[in-house]
Amino acid sequence: MNLTDRTFNRLVLTALAVGFAALTAAGAMAVWTVSRNQDHAQLIEHAYQVNATIGRYQIQLERAETARRGYLLDQSDLFESEYEASTGAAKEALDGLQSLIRDPRQNQRHARLRALTRLELAAMGQSMRLARLGDLGRAQAIFDEEQSVRALFAIRALSEQMTSAQDVLLAQRNVNEKASLLLLYLVLGGAGLLLLLVGLGSAWAIRRYFADLASSRDALRDLNASLEGAVTERTADLQRANDEIQRFAYIISHDLRAPLVNIMGFTAELESATRLINAHFTSAPDHSPGEVPGPVRLAACEDLPEATGFIRSSAQKMDRLINAILRLSREGRRSLNPEPLPMNPLVKTVTDSLEHRLGERGATIEVEQALPEIVNDRVAVEQLFSNLLENAVKYLDPARAGKIVVRGEQRGNRAIFEIIDNGRGIDPRDHQRIFDLFRRSGAQDQAGEGIGLAHARALAYRLGGTITCDSTLGEGATFSLNLPAVYAGERIES
Amino acid sequence: MNEHLPVNIVMVEDDEGHARLIEKNIRRAGISNDLRHFTDGASALEYLYNDPEGPAHAGPALILLDLNLPDMSGFDILARIKSDGPLKRMPVVVLTTTDDKVEIERCYDLGCNVYITKPVNYESFSDAIRSLGLFLSVIQMPDGHGDR
């Protein structure tokens, strides 16, 4: 992922976080608005309650007045008890009203109302008492008193005033409630809009991530497929090249043999002819000195055998080289059978076979315990270790006690083995060259044709591995063998 | 003791030098039978099947066959001889430079009677040919004519 992508992603994440925070704030605000709304509703209800109480008070007072009038006309107990009940209820309503109202002006009005009520009730009580005592005339007089009527009117006006004041309050509270409701709707709408936006944003971001993921997965799959194809193709190419080389080596070695048979054959014929001539000259040295001049004798007895000797040794060397090539080519055509190989016993078999030569040179081989186990062709792996260890023993430094160490470790799906010696070492210039066929390095004081390492490398390649050399001249050499932990086998050759 | 063996030796060998060395060593083994040499497959087959003096019409013969010929493979000649025909019982000695296991097996599968590798080392070579000569001197030949 590049930098702009990363910045963009950070931006998207920040935006989403801000969106969610705003959503939370909107939720909190909605809760707050709802509770405020409830407060408003309560206030309105309270106003109604006040109005209702005023109304009750008025009705009860009127009822008491009506009951008094009834009593004045007909002194029945029914009117009296009605009067008592209504005055009690009116007083009660008045007390209730006092506990409800908090507005100072309303409180003033209430105090006046209370005073007027007391006055009126006193007047009414007086007339009731007089009527009960039978003094209907005075009772009537009190009833007719202008003062009483005025008090009643004042009470009515005051009640009206209070109710209308309460109505004003109610209207105001209604407006407030509506405003708060509107606010609630706005907040809820805003929150809804925000929710929608955040939701859309999240959905978009998620979709984008999924699209990214899918496209990178597709890209990866394509890459994988093309890589596999490339590897298969490359492997096939390598296999073809290898087959070509094997066939070439095989044909060359056979076709070179035919002329070699002639060279060797006729050299031998020449030698036997020379021997005859030699015998002739040596058996009769002084027979006829005049007939055979010195140079002729020299040619027959020395030059001819010398020449045939060189021809013979060269042809023999050529034969060895051709045989080596043939062996390599044959090894390359042998079919491989991968099997699980416990490496410690395998290396021990190889070192045991070198015991005699190690004894001769006073050298030791130390094999690290627990070499990684691999799956590969037994014969080929044995051959590899045998070549490398033989090489190590062969080129030990006679000046010091030889010590060879075999180490191994598994790295991922590769097994890496190291054969470390303290021998004479290899010039860094020759680190590649020694793996070439017939090429050798350093003093040519050991028998050999320069085939072992070439063979080892060809084998390592064939087993899906590599082989490298690291060495300092005079200090020893380390050969690293890198093999697959599990060799899957090669295609079946015809 | 070999003079009475009426067997002709037919040598199919493209390398003149090899032919000369083989002949020399056969003669040194005391074999004096008539020896015909061909350097290519076509003329050898012509002689074997169509020549009035050839083994298909005249007496028994033994063939020394090289596998590497310029015009055809020795396997083809071997297969032709050993397939049904007047010469299928004729002994065939394959004498070649190849010592590949697969090729040797293939020759025997095709019906070759003896397979000899020409050793590069001349002492071994001449020993092998002389042994072949001794073998020829004791070999019992089938009737040269075809059985049909």
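First, a word on what this report is: a plain description of the structure on this page. Quick caveat: nothing in here was measured; it's all calculated off a predicted structure.

**Here's the deal with the overall build of chain A**
Phase 1 of the analysis: A count of helical and extended segments in chain A gives 10 helices and 7 strands.
Phase 2 of the analysis: Here chain A, with 494 residues, has 38% of them falling under the buried criterion.
Phase 3 of the analysis: Considering only contacts within chain A whose residues lie at least 6 apart along the sequence, 75% involve residues at least 24 apart.
Phase 4 of the analysis: Of the roughly 28,800 Å² of accessible surface on chain A, a fraction of 60% belongs to carbon and sulfur atoms.

**Quick look at the overall build of chain B**
Phase 1 of the analysis: Scanning chain B from terminus to terminus reveals 5 helices and 5 strands.
Phase 2 of the analysis: Its helices and strands taken in sequence order, chain B reads β-α-β-α-β-α-β-α-β-α from the N to the C terminus.
Phase 3 of the analysis: Every one of the 148 residues in chain B was classed for burial, and the buried ones make up 51%.
Phase 4 of the analysis: Here chain B displays about 6,800 Å² of accessible surface, and carbon together with sulfur accounts for 49% of that area.

**Some remarks on the interface of chain A and chain B**
Phase 1 of the analysis: Counting from both sides, the interface comprises 17 residues of chain A and, opposite them, 19 residues of chain B.
Phase 2 of the analysis: Sorting the residues of chain A by area buried against chain B places A:Arg257, A:Val261 and A:Glu269 first, and these three jointly supply 33% of that buried surface.
Phase 3 of the analysis: Summed over the shared surface of chain A and chain B, the number is 3 salt bridges.
Phase 4 of the analysis: Here B:Arg28 and A:Glu269 are joined by a salt bridge, their closest N and O atoms 2.9 Å apart.

**Side note on the pattern of salt bridges**
All names here are of chain A.
Phase 1 of the analysis: Going through the model one piece at a time under the given rule, you end up with 28 salt bridges over all chains.
Phase 2 of the analysis: For Arg 312, the salt bridge goes to Glu 271, with nearest N and O atoms at 2.7 Å. Taken together, the residues Arg 312 in helix 6 (residues 294–333) and Glu 271 in helix 5 (residues 146–283) connect sequence positions 41 residues apart. The exposure classification of Arg 312 matches that of Glu 271, with both residues buried.

**Things to note about helix 2 (residues 77–100) of chain A**
Phase 1 of the analysis: The terminal C-alpha atoms of helix 2 of chain A, which comprises 24 residues, lie 34 Å apart, in line with the 34 Å expected from a rise of 1.5 Å per residue.
Phase 2 of the analysis: Every buried residue of helix 2 of chain A is listed here: A:Glu80, A:Tyr83, A:Ser86, A:Thr87, A:Ala90, A:Ala93, A:Leu94, A:Leu97 and A:Leu100.

**Observations regarding the sheet that holds strand 1 (residues 8–12) of chain B**
All names here are of chain B.
Phase 1 of the analysis: An order of 2-1-3-4-5 is seen for the 5 strands of this open sheet, with the pairing classed as parallel. Each edge of the sheet is formed by a strand with only one pairing partner; in this case those strands are strand 2 (35–38) and strand 5 (114–117). Within this sheet the neighbouring strands show an average axis-to-axis angle of 20 degrees, counted without direction.
Phase 2 of the analysis: Looking at chain direction, strand 1 and strand 2 are connected through 4 bridges and run parallel. Residue pairing for strand 2: Ile 9 is matched across the bridge by Leu 35.
Phase 3 of the analysis: Where helix 2 (residues 41–50) meets the sheet, it contacts strand 1, strand 2 and strand 3 (61–65), and its direction lies at approximately 140 degrees from that of strand 2.
Phase 4 of the analysis: Across the face of the sheet, helix 3 (residues 74–82) comes into contact with strand 1, strand 3 and strand 4 (92–96) while running at roughly 155 degrees to strand 3.

**Focus on unusual backbone geometry**
Phase 1 of the analysis: Positive phi outside glycine occurs at A:Ala370, with the angle close to 55 degrees.
Phase 2 of the analysis: A residue is classified by how much of its surface remains accessible, and A:Ala370, at 62% relative accessible area, is exposed.

**Here we look at a nonpolar patch on the surface**
Phase 1 of the analysis: A cluster of nonpolar residues, A:Ile206, A:Phe210 and A:Leu213, forms a patch on the protein surface that exposes about 330 Å² of accessible area.
Phase 2 of the analysis: Tracing the backbone through its elements, the reader meets A:Phe210 in helix 5.

**Overview of the layout of surface pockets**
Empty space among the atoms can be located by rolling a probe the size of a water molecule over them.
Residue and element names in this part refer to chain A.
Phase 1 of the analysis: Taken as a whole, the largest pocket spans an internal volume of roughly 930 Å³.
Phase 2 of the analysis: Forming the walls of the largest pocket are 29 residues, and the residues nearest its centre are Asn 242, Gln 246, Ala 458, Tyr 461 and Arg 462.
Phase 3 of the analysis: At the level of elements, helix 5, helix 6 and helix 10 (452–462) are the ones that each hand at least two residues to the lining of the largest pocket.
Phase 4 of the analysis: It is helix 5 that contributes the most residues to the lining of the largest pocket, 9 residues altogether.
Phase 5 of the analysis: Class assignment for the residues of the lining of the largest pocket results in 14 nonpolar, 9 polar and 6 charged.
Phase 6 of the analysis: Taken as a whole, the second largest pocket holds about 690 Å³ of empty space.

**Topic: the packing of aromatic side chains**
All names here are of chain B.
Phase 1 of the analysis: All told, the structure shown has 5 aromatic pairs over all chains when counted by the stated rule.
Phase 2 of the analysis: Between Tyr 122 and Phe 125, the ring centres sit 6.0 Å apart and the planes meet at 20 degrees, which makes this aromatic pair stacked. Of this pair, Tyr 122 and Phe 125 both sit in helix 5 (residues 122–138), 3 residues apart, which is roughly one turn of that helix.
Phase 3 of the analysis: A residue is classified by how much of its surface remains accessible, and Tyr 122, at 7% relative accessible area, is buried.
Phase 4 of the analysis: The exposure class of Phe 125 is buried, given its relative accessible area of 1%.
Phase 5 of the analysis: Sitting over the ring of Phe 75, Arg 106 keeps its end group 3.9 Å from the ring centre.

**What about the sheet that holds strand 5 (residues 414–421) of chain A?**
All names here are of chain A.
Phase 1 of the analysis: The sheet built from 5 strands is open, its strands ordered 2-4-5-7-6 with mixed pairing. Since the sheet does not close on itself, it has two edges, and those belong to strand 2 (364–367) and strand 6 (466–472), each with one partner. On average, each strand axis in the sheet is tilted by 15 degrees relative to the strand beside it, whichever way the strands run.
Phase 2 of the analysis: Summarising the sheet, strand 2 and strand 4 (residues 403–411) pair through 4 bridges and their orientation is parallel. Its bridge partner lying in strand 4, Glu 366 is registered against Val 405.
Phase 3 of the analysis: Contacts from helix 7 (residues 343–353) reach strand 2, strand 4 and strand 5 within the one sheet, and its direction differs from that of strand 2 by about 175 degrees.
Phase 4 of the analysis: Packed onto the sheet, helix 9 (residues 378–394) meets strand 2, strand 4, strand 5, strand 6 and strand 7 (476–484) and runs at close to 20 degrees relative to strand 5.

About the cut-offs
- Residues numbered from 1 in each chain as written.
- Chains lettered and ligands numbered in written order.
- Predicted model: local features only at pLDDT ≥ 70, side-chain atom pairs only at ≥ 80, totals over all residues.
- Heavy atoms only, no water.
- Helix = DSSP H or I, 4+ residues; strand = E, 2+ residues; numbered from the N terminus.
- Buried < 20%, exposed > 50% of the residue type's maximum accessible area, 1.4 Å probe, protein only.
- Contact = heavy atoms within 4.5 Å.
- Areas by Shrake-Rupley, 256 points an atom, 1.4 Å probe, with all protein chains shown as cover.
- Buried area = accessible area lost by both parts, 1.4 Å probe.
- Salt bridge = Lys/Arg side-chain N within 4 Å of Asp/Glu carboxyl O.
- Expected span 1.5 Å × (residues − 1).
- Pairing = 2+ DSSP bridges.
- Axes fitted to C-alpha atoms, helices over the stretch in contact; angles between N-to-C directions.
- Patch = residues over 30% accessible without salt bridge, like charges linked within 9 Å, V, L, I, M, F, W, Y side chains within 5 Å.
- 1 Å grid on protein atoms, 1.4 Å probe; cavity = no way out; pocket = protein on both sides within 12 Å on 5 of 7 lines; lining within 4 Å.
- Points joined across faces, edges and corners; volume = space filled by probe spheres on them.
- Nonpolar A, V, L, I, M, F, W, Y, C, P; charged D, E, K, R; others polar.
- Phe/Tyr/Trp six-rings, centres within 6.5 Å; stacked < 30°, edge-to-face > 60°.
- Lys NZ or Arg CZ within 6 Å of the ring centre and 35° of its normal.

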